[in-house]
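What the coordinates show
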Amino acid sequence: MTEERPPEATSASLWERDEEVAGVAEAIDRLRADESSSGSLLMVRAEAGFGKTALLAETRRIAEARGCAVWHARGGETLRSVPFNVVRQLLQPALISLMPEEIREYLGDWYDIAGPALGVTEPGERQPDPQGVCDGLVAAVRRLAKRDWPLVLIVDDAHWADQETLRWLAAFAERLDDLSVLLVVARRPGEVSGESARYLDAIAAAAGPPVTVLDPLTPKATAGLTRATLGPHADGAFCREVWAVTDGNPYETVELLAKVKDSGLAPVEDSAAELRELNRSARGGGLLARLDDLGFEATRFAWAAAILGTGISVSLVAKLATMSRDEAVRCAELLRTDRILTAPDPAASQAGAGELEFVHPLIASDVYDSIPGGVRTAMHGIAAQVVTDSGLGAAAASRHLLKVHPDDDQELVEQLREAAREHLSIGAPDAARRCLERALLEPPLAETHAHVLFELGCATLLTAPATTIGHLQTALGMPGLDGHARVDAVFRLSQALLHNNQLEEAVRTVEAEATRYEPGAARMRLQAVQFMWEGIHAGEDISPGRSERLAALAGTCTGRDNSERALLILRGFDAMTHGENAEEVVEVCDRALVNGRLAPGLGWTDTEWGIEILMMLASSYAYTDRLDRAESLYNEALRAYVSAGWSGGHLSLAHAYIGLGHRRRGRLRDAEISLRESLRLAERVGRGLPLYWSATCNLVDTLLARGHVDEAWAIADQYGFAPPYPSTIVLPDPRCVRGRLLLAVGRTKDGINELEQAAKAATVRGHHNPVLVPWAVDLARALAVEDPTRAAQLSSDARRQAEHFGTDTAIGEALRCAAALETGQRAVRLAAQAVAYLESSPCQYEHAAARVEYGIAARSVAEINRGLTLARSCGADGLVAQAREVLETGRGLR
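Here we summarise the structure given alongside this text. (Residues numbered from 1 in each chain as written. Predicted model: local features only at pLDDT ≥ 70, side-chain atom pairs only at ≥ 80, totals over all residues. Heavy atoms only, no water.)

**Some remarks on the packing of helix H26 (residues 521-536) against helix H27 (residues 546-555)**
As a reminder of what qualifies: Fitted lines through C-alpha atoms serve as axes, helices being fitted only where they are in contact, and the angles separating the N-to-C directions of these axes extend from 0 to 180 degrees. Note on conventions: DSSP H or I runs of at least 4 residues are helices, E runs of at least 2 residues are strands, and numbering of each starts at the N terminus. Throughout, the term roughly parallel applies to angles under 35 degrees, roughly antiparallel to angles over 145, roughly perpendicular to angles from 65 to 115, and oblique to all others. In this scheme, a crossing is called left-handed if the near helix is turned counterclockwise away from the far one by less than a right angle; it is called right-handed if the turn is clockwise. In this description, contact between two residues means that some pair of their heavy atoms is separated by no more than 4.5 Å. Only Asp, Glu, Lys and Arg are considered charged, only Ala, Val, Leu, Ile, Met, Phe, Trp, Tyr, Cys and Pro nonpolar, and every remaining residue, Gly among them, polar.
Put simply, H26 and H27 touch, their axes get as near as 11 Å, and they point 140° apart. Here H27 runs oblique to H26, going by the angle between their axes. Considering the relative orientation of H26 and H27, their crossing is left-handed. Each of Gln 527, Phe 531, Glu 534 and Gly 535 in H26 lies in contact with H27, whose residues at this interface are Arg 546, Arg 549, Leu 550 and Leu 553. When the residues that make up the contact of H26 with H27 are grouped by side-chain class, the tally is 3 nonpolar, 2 polar and 3 charged.

Following this line, the structure appears as structure tokens:
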């Protein structure tokens, strides 16, 4: 490494950074070479003062010199509680340059979802899904990046970025393959923990080359920098002492050499002993001594600037420091002269950056930490008022309110509650949680305490169900929650218990609360919720007589309000799972609709009832051969969640049930596409949840129908599709699907055992719908050789239940099974009857299978070909292969 001075355009902190700069230049050149090339990510990690910011500044200079657009942002130590702070820095300058209609055009369907998080539009009435907001921000950057290619995105001090930005950054980094963008991220090691650390690790994992780690300067480089700054006459001993004093830290080296130059100290060996004292004045106690020398007013100005952290202007600091503007101007000049504050670099400054910034984040941290605790708290309180008076709103002031000591201030409680509502409205529940947890410390008055706990429980419902349970249980044990608010809190508590895999307790909680009410709307809603949770419980300890009580209660309902409509849906679903007459099931479900549509307040994104009850309604239609109605509801769910930006569990379930609809219809290729998307989304939410089982079970079932047995087994193995099963019902029944999978891979004994377990579980639950829980027909086929008597009995029972249920699909499937157990003309007659029923069924895969089986039994080339055509249209490759093999063999066919 040479000691020559870097080019004037570069920073002194770039000494010994030739390799890193070359890597940056190479990445920029790759970006510029081809607009269709994949994006890339560079991660820079280094200790404080090692030159991360200087390297990023050089990145910006090179990129702009080579015709790239550059967007940049920087985390701030005191700004980590401000949601979307860094992503706003990054995107707002690009958006501000657009007309309002252009912003709407570029954001497209994400405008109402991501716009509030970016601060370019007001929030809507409905609380957005955080995952949807994250996806919207990813989409926004992708669309804007295509306009501004070649584009370089720079994020400095990512360890101080807000959690919402880091979540977006991790998601964006994963999707760079098909977007030509260079993303450069710099961070210190350590500094963060929890979710933020996980997101930073994910970003680092997405980096193409290994993470760039900046090392301290070598003695040789330090000597070169010293002579470049002080003159070639600086002797070797002096240069070595500069290195020893600073440990090769580039920032401290530059600062020390500046002080040597200002002090007029000769760079010779006799002066080396004074370097340590000069270096101490740069930071820590030395910095505080320098502030003391500048006077109390200048110190107070520096404190106020550190409290603000960003957007530092002389007038704003004057208000916060309670000094005149003339005095503030004088203090600002003193601090600039002493290299504590400086004017922002015009080339790198952001919109709203202010007139001043600290020379280095290390100085900002030292100044902030030096403020006496009581003074710092008071100044945060004043800052909150200054921000509020400026019209920026409670959310903007909340980062200061969080630092104020509790003092029984009810106005502060209300400000924090309002800030929490603002945070929730832009998709930042963690920020809302912090505000509400702080409000509880004040504490609130007795009459509002329970409401604050309830709001806190609502804020944490999606992210921390276990924590939510505690908040809501405490709130319900306190006075203050009455009427609709209390019923809503009980429902939310039961949801949290469900999400925390405590379904039995959810049922008991709602049941106990219902007894507190006289007959009426509140009690009926709670009863409906109890029946709903019991209805999706897959365990064996269901309450005796539940179905009878539900039928009796639903029998009094006309569908005049949503509680009655919910009970009718629950009754229809219960009757469907028990295999009661399908026409009666449909009639009950239809009474829950208003003019054939979901009633207001009972929609897919309405929170009063939740998604489960609507999935029950759609599934009741799906398994009673009313697939048009089922698919209409499934598609409505998908549209609603996409429109609302709900990209988490709700969207995963919507795709799973879209896939279920395709599977029932016989569109197996479409089913597989939807289910793989469902599984992708479910992976983001977390394994083990009911929605994860829905995606996996349906995908395995679809792959088996397609004849892709090896792939079905691989999916089951990869995603843990095996016992123990979830405590909630999954459609189709996972035991039946796994039993069929085991049979398909040749593990016959294991498959039979699994289907026997499915039979026991279904019997306990009273689930006798032979299409929903088809264990009997699968087990009968598996036992045909080993135990033909029992196989015949199972087939007979399945046929009886199918005829009682009464759908073409159920009867046709039972007849297919019966035909498979027979030979000769009886097998042909039964197969022909199966075809007749399934031809009228909307389930085309089952129809195709029946056609092929009938053709084989009847030795009819025409019938096999008809089945082959249907199988091809369904994407049933295994059935196609079976039909072709029979046709190619041709023995005995006519």
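**A few points about the pattern of salt bridges**
Heads up, the condition is: For this document, the term salt bridge refers to a Lys or Arg side-chain nitrogen within 4 Å of an Asp or Glu carboxyl oxygen. A simple rule labels every residue: compare its accessible area, found with a 1.4 Å probe on the protein chains alone, to the largest value its type can have, and call it buried under 20%, exposed over 50%, or partly exposed in between.
One pass over the structure, following the stated rule, counts 58 salt bridges. The partner of Glu 583 in a salt bridge is Arg 626, and the shortest N-O contact between them spans 2.9 Å. Note that Glu 583 is positioned in helix H29 (residues 582-591) and Arg 626 in the loop between helix H30 (611-622) and helix H31 (627-644), a separation of 43 residues in sequence. When its relative accessible area of 21% is taken as the criterion, Arg 626 is described as partly exposed. A single salt-bridge network, built from bridges that share partners, covers Glu 534, Arg 546, Arg 571, Asp 574 and Glu 580.

**Looking at the nonpolar core**
Filter applied, for reference: Throughout this description, the term nonpolar core refers to a set of buried Ala, Val, Leu, Ile, Met, Phe, Trp, Tyr and Cys residues connected via side-chain atoms within 4.5 Å.
Counting 164 residues, the largest nonpolar core has Trp 533, Trp 604, Tyr 634, Val 700 and Trp 775 as the members making the most contacts within it. Not counting residues within four places of it along the chain, the set of residues in contact with Tyr 634 comprises Met 615, Ala 618, Ser 619, Ala 622, Tyr 657, Ile 658, Leu 660 and Gly 661. Counting 55 residues, the second-largest nonpolar core is a separate cluster that includes Ala 117, Leu 169, Ile 426 and Ala 428.

**Regarding unusual backbone geometry**
Cis geometry marks the peptide bond from Trp 149 to Pro 150; its omega dihedral reads -5°. Summarising the element assignment, Pro 150 is placed in the loop between helix H6 (130-147) and strand E3 (151-156). The omega torsion of the bond from Glu 442 to Pro 443 falls at -5°, within 30 degrees of zero and hence cis. Of note, Asp 247 is a non-glycine position whose phi angle comes to about 55°, a positive value. Along the chain, Asp 247 turns up in the loop between helix H10 (236-246) and helix H11 (250-263). The class for Asp 247 is exposed, based on a relative accessible area of 59%. The phi dihedral of Asp 625 falls on the positive side, at around 65°, and the residue is not glycine. One can find Asp 625 in the loop between H30 and H31. In this structure Asp 625 comes out as buried when scored by relative accessible area, which is 15%.

**Some thoughts on the pairing of strand E4 (residues 181-187)**
Put simply, the rule is: Any two strands with at least two DSSP bridges between them are considered paired. A clockwise course of the path from the first strand over the helix to the second, judged with the strands pointing away from the viewer, identifies a crossover as right-handed.
The buried fraction of E4 is high, at 7 of 7 residues. Alternating residues of E4 divide into Val 181, Leu 183, Val 185 and Arg 187 and Leu 182, Val 184 and Ala 186, and every residue in both groups is buried. Relative to E4, strand E1 (residues 40-45) runs parallel, the two being bridged by 6 bridges. Directly across from Val 44, in E4, lies its bridge partner Ala 186. Taking the sense of rotation as the criterion, the β-α-β connection linking E3, helix H7 (residues 163-174) and E4 turns out right-handed.

**Description of the side chain of Thr 226**
Mapped onto the secondary structure, Thr 226 falls in helix H9 (residues 219-230). What makes Thr 226 buried here is its relative accessible area of 0%. In this structure, Thr 226 is in contact with Gly 231, Ala 234, Phe 238, Cys 239, Val 242 and Leu 257, ignoring residues within four places of it in sequence.

**What about the packing of helix H5 (residues 111-118) against H6?**
Look at H5 against H6: their axes get within 8 Å of each other, and the N-to-C directions meet at 90°. On the basis of their axis angle, the class for H5 and H6 is roughly perpendicular. Listed contacts from H6 to Ile 113, Ala 114, Ala 117 and Leu 118 of H5 are Gly 132, Val 133, Gly 136 and Leu 137. Looking at the contact of H5 with H6, its residues break down into 6 nonpolar, 2 polar and no charged.

**Topic: the packing of aromatic side chains**
Both the distance between ring centres and the angle between the ring planes are used here to describe each pair of aromatic rings. Definition in use: Pairing of aromatic rings covers Phe, Tyr and Trp, the last counted by its six-membered ring, and requires centre-to-centre distances within 6.5 Å; plane angles under 30 degrees mean stacked, over 60 mean edge-to-face, and any other angle means tilted. Our definition puts a charge over a ring when NZ of Lys or CZ of Arg is within 6 Å of the ring centre and also within 35 degrees of the ring normal.
Under the criterion given, the structure shown has 9 aromatic pairs. Ring plane angle 5° and centroid distance 6.3 Å describe the contact between Phe 491 and Trp 533, whose orientation is recorded as stacked. Residue Phe 491 is found in helix H24 (residues 483-499), and its partner Trp 533 is found in helix H26; the two are separated by 42 residues along the sequence. Each member of the pair, Phe 491 as well as Trp 533, is classed as buried. One aromatic cluster is present, formed by Trp 604, Tyr 641 and Trp 646 through successive ring pairs. Against the face of Tyr 106 rests Arg 147, its NZ or CZ located 5.2 Å from the ring centre.

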